[in-house]
Amino acid sequence: MANKDKPSMKRNSDDMSLDDMNNRLELFDQRLDNIDSVVSAVVERVMSQPITISTTCPHCGKNLDIALVGNRRPTVSK
């Protein structure tokens, strides 16, 4: 078998056209929107339930319980 020279598929960052940069920015924007949606959904789920954080004070060694209670605001449907 002979080794064939394959052209490099990598593009130099200087050779990137404006269209390529716009496409990459749009994909990045879509990914950020998806991450935002997932984080918002998780926060809504968590805040609909009371949360208790238990920790120990580093100075006196006493146990501390911190309760977080969230209110779910009613959504306005149009």
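Residues numbered from 1 in each chain as written. Predicted model: local features only at pLDDT ≥ 70, side-chain atom pairs only at ≥ 80, totals over all residues. Heavy atoms only, no water.

So, the overall build of the protein chain: which residues are in play, and what are the values?
The helix and strand tally for the protein chain stands at one helix and two strands. Order of helices (α) and strands (β) in the protein chain, N terminus to C terminus: α-β-β. Per-residue burial for the protein chain yields a buried fraction of 3% across its 78 residues. When the accessible area of the protein chain is evaluated, it comes to approximately 8,300 Å², of which 54% is carbon and sulfur surface. (Helix = DSSP H or I, 4+ residues; strand = E, 2+ residues; numbered from the N terminus. Buried < 20%, exposed > 50% of the residue type's maximum accessible area, 1.4 Å probe, protein only. Areas by Shrake-Rupley, 256 points an atom, 1.4 Å probe, with all protein chains shown as cover.)

So what about the environment of Ile53? Which residues, and what values?
Along the polypeptide, Ile53 turns up in strand E1 (residues 51-56). Classification of Ile53 by relative accessible area gives partly exposed; the value is 40%. The spatial distance from the C-alpha of Ile53 to the C-alpha of Ala67 is 6.3 Å, given a sequence separation of 14 residues.

Honestly, that's just the spatial picture; any functional story needs more than this.
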